2 protein chains.
Amino acid sequence: MKILLDAMGGDNAPDANIKGAVNAASKVDANIVLIGKEDVIKARIEQLYGKDRIEDVAQNLSIYNATETIEMEDVPTMAIKHKKDSSMVVGFNLLKRGEGDVFVSAGNSGALLTGATLLVGRIKGIDRPALAGIIPAYKKGLVLMDSGANTNCKPINLLQFAQMANIYIRNTFGIENPKIGLLNIGTEENKGNDLTKESYKLLKEKSPELGINFIGNIEGRDAFTDGIDAVVTDGFTGNIFLKAIEGIGRLVKISLKESIKTNIFTLLGSIPCLPSLKKFAKRLDYKEHGGALFLGVKKPVVKAHGSSDERLFENTIKQAEKFVKNQTVEKIIKEIEKI
Amino acid sequence: MKILLDAMGGDNAPDANIKGAVNAASKVDANIVLIGKEDVIKARIEQLYGKDRIEDVAQNLSIYNATETIEMEDVPTMAIKHKKDSSMVVGFNLLKRGEGDVFVSAGNSGALLTGATLLVGRIKGIDRPALAGIIPAYKKGLVLMDSGANTNCKPINLLQFAQMANIYIRNTFGIENPKIGLLNIGTEENKGNDLTKESYKLLKEKSPELGINFIGNIEGRDAFTDGIDAVVTDGFTGNIFLKAIEGIGRLVKISLKESIKTNIFTLLGSIPCLPSLKKFAKRLDYKEHGGALFLGVKKPVVKAHGSSDERLFENTIKQAEKFVKNQTVEKIIKEIEKI
């Protein structure tokens, strides 16, 4: 297996990307290709690890030169069309030609989604590919789809998201009949805005024949605790939901730290329970879950978090390996074609 | 001051309503009127406090008889029109006639919003009244408006929400020039769906002349920590945001408890830091913040949380007292009329 990593994308590139790849190298059964400016990557490798050649850091690492970089300010379609030798476009082309099994990038999200759709291509039968994000939930992760790719959606899109989430969860987590809900502001059938009302009807009607275990409307406050495996929604609402969770997660961290550090006595008193608190923080930390899978394109593409640090890159690479191993994309293609 | 409380509304009515009112009685400078089935309330008072008359429990408490109750399953407009002697309709009518200064209810949300608009009436110049919810944020609360009243909105509605939030925050929290953002999925001007794009333009254009300190698009993850005072959004998105926060708050509680209780050693080890953890939990608990104010109607109306317990009722009653004292509604009427 070959994992293609955009070495230049993300807020902490290229150091976090390089370190994440080095840390992941010993844990995955794959070669990891760092795509980006070779001279820059080499110089950082020397600085960080004191080695001339990346292969001396880990045998399964290599560099693939790409002389340009897509910046966060770049207009997605323009960047994909004109920056032909950017790490992102090069990565997509390697993936398309079969010279890699999965492409991972923390770069410009718009460019990543546009590139995946334009260069790798949509799966026949899927109108809109979408991001399957994984968010913390009780005892396990919850799949949120679309977590940000499509700002405006139609009911048919949400139905297809449910189909893809269903196949993904079955294959990756071994859950036989995953429970899939529609993210809404009430549980009753007539609740919500025009999109959710129409989507509810369509999901209810089509789910039985598509083998989807549609459990109806889900309010956000129940999504985390009640044994739900996935919620589908449009990319605007999904992204609002996702970022609310990130924001409150950050607030939890700050508040917990400050509450403990109020004075020297509470600080000392807290020492015995630090391991429990660490475990607690880990459970809520989205960095444990990796990136978001871009489902609906012909090859595996993983969107790493823009602010990925080395640990998150490591986890996202491990997640990408699993994504390929489970053949999720092949299975989506096969199942969608059947219909 | 007279605070009108719907004694029959909410998941834990009437006991939580009664207990909350009794607890609040000694803390507010107001009379509290429990509206609902007199015989039921009296029987519960006797059971809970061993007294025949509610005045013997606290001098500033009284009962106002209303023989019907609006249930959660009732269709809002039908219930408001036909259940003329329900605790909610009676409450609104007392408020309208000036026989009370604020109405608080944890009952059927749709009926509450419909009743407020139909019976109390919209403020001239406000097309859509909206719920101003208060959510936990760093060091203080953050106003989220609309947090659930209007599923479908136009840009003009969001501008009016910003106007009302501005007046409310200035008067209630003494913040001179409150920072108001637009809830969105990116910070750039062209981000989001059709509604946020159009609303951004309108807010940017009109804010200077309306004295609104509009700080642009705000992503959910930044709303909690960066000194923002309010975010405006449509009621669907606002409610999704609010419930994501509630859900993760619940998950935090469960996870923290479980992490600490893993085994007897971590449990014993945790004892010294329990006060810090309690302080932490309190900071994140929405029950500390009370209910949501329904701004844009001619009199003060407060929507208490449907699952309010006695503590939340107590806090919501205290919040209602402040709402009247600060004359927020009068000030909104005055400032909107000026324009």
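What you see is a predicted model, and the numbers here were worked out from it, not measured in a lab.

What counts and how
Residues numbered from 1 in each chain as written. Chains lettered and ligands numbered in written order. Predicted model: local features only at pLDDT ≥ 70, side-chain atom pairs only at ≥ 80, totals over all residues. Heavy atoms only, no water. Helix = DSSP H or I, 4+ residues; strand = E, 2+ residues; numbered from the N terminus. Expected span 1.5 Å × (residues − 1). Bend = angle between axes of the 7 residues up to and from the residue. Buried < 20%, exposed > 50% of the residue type's maximum accessible area, 1.4 Å probe, protein only. Salt bridge = Lys/Arg side-chain N within 4 Å of Asp/Glu carboxyl O. Polar contact = N/O pair within 3.5 Å; in protein donor to acceptor, adjacent residues only side chain to side chain. Contact = heavy atoms within 4.5 Å. pLDDT = per-residue confidence, 0-100. Pairing = 2+ DSSP bridges. Axes fitted to C-alpha atoms, helices over the stretch in contact; angles between N-to-C directions. Phe/Tyr/Trp six-rings, centres within 6.5 Å; stacked < 30°, edge-to-face > 60°. Parallel < 35°, antiparallel > 145°, perpendicular 65-115°, else oblique. Left-handed = near helix turned anticlockwise from the far one by under 90°.

1. Some details on helix α8 (residues 194-210) of chain B
Residues and elements named next belong to chain B. The terminal C-alpha atoms of α8 lie 23 Å apart, and with 17 residues this matches the ideal 24 Å at 1.5 Å per residue to within 8%. Considering bend angle alone, the principal kink of α8 is centred on K204 and spans about 30°; proline P208 follows within four residues of it. Taken together, the buried positions of α8 are occupied by L195, T196, S199, Y200, L202, L203 and S207. Note on α8: the residue one or two positions beyond its end, G211, has a positive phi of about 70°.

2. Focus on the pattern of salt bridges
With the rule as written, the count across this model stands at 36 salt bridges over all chains. For D74 of chain B, the salt bridge goes to K83 of chain B, with nearest N and O atoms at 2.7 Å. Overlapping salt bridges bring together E219 and R221 of chain A together with K243 and E246 of chain B as one network.

3. Regarding the side chain of D222 of chain A
Here D222 of chain A lies in helix α9 (residues 220-223). Side-chain polar atoms of D222 of chain A contact the side chain of R250 of chain B, separated by 3.5 Å. Residues contacting D222 of chain A, with those up to four places away along its chain left out, are I228 of chain A together with R250 of chain B.

4. Some thoughts on the confidence of the model for chain A
Averaged over every residue, the pLDDT of chain A is 91; the share at 70 or more is 91%. Across the assembled chains, the prediction reports ipTM 0.86 with pTM 0.89.

5. Quick look at the environment of V143 of chain B
All names here are of chain B. Mapping V143 onto the fold places it in strand β6 (residues 141-145). For the pair formed by V143 and A292, sequence separation is 149 residues and the distance between their alpha carbons is 9.3 Å. Filtering out sequence-adjacent residues up to four positions away, V143 remains in contact with A132, G133, I134, Y168, I169, F173, D229, A230 and V231.

6. Examining the sheet that holds strand β6 (residues 141-145) of chain A
Adjacent strands of a sheet pair through backbone hydrogen bonds, lying either parallel or antiparallel. Residues and elements named next belong to chain A. Reading across from one edge, β3-β2-β1-β4-β11-β10-β5-β6-β9-β7-β8 is the order of the 11 strands in this open sheet, with mixed pairing throughout. In this open sheet, the two edge strands, each paired with only one partner strand, are β3 (61-65) and β8 (213-219). Put simply, the sheet's adjacent strands are angled 30° from each other on average, direction ignored. Examined bridge by bridge, strand β7 (residues 179-184) and β8 share 5 bridges and lie parallel to one another. Across the sheet, L183 pairs through a bridge with I218, a residue of β8. Of the strands in this sheet, β1 (2-6), β2 (31-36), β3, β4 (102-105) and β11 (301-303) touch helix α5 (residues 87-96), which is tilted by about 165° from β4. Sitting on the sheet, helix α6 (residues 109-120) touches β4, β5 (130-136), β10 (292-295) and β11, and the angle it makes with β11 is about 170°.

7. Topic: the packing of aromatic side chains
Residues and elements named next belong to chain A. All chains considered together, the criterion is met by 8 aromatic pairs over all chains. Taking the centre distance of 5.7 Å and the plane angle of 70° together, the rings of Y168 and F173 count as edge-to-face. On the accessibility criterion, F173 (39% relative accessible area) is partly exposed.

8. A few points about the packing of helix α7 (residues 155-173) of chain A against helix α8 (residues 194-210) of chain A
All names here are of chain A. The interhelical angle for the contact between α7 and α8, taken along N-to-C directions, is 45°, at an axis separation of 8 Å. Accordingly, the angle class assigned to the pair α7 and α8 is oblique. Every pair of crossing elements has a handedness; the one defined by α7 and α8 is right-handed. Facing α7, whose interface residues are P155, I156, L158, L159, A162, Q163 and N166, α8 presents L195, E198, S199, L202, L203, K206 and L210.

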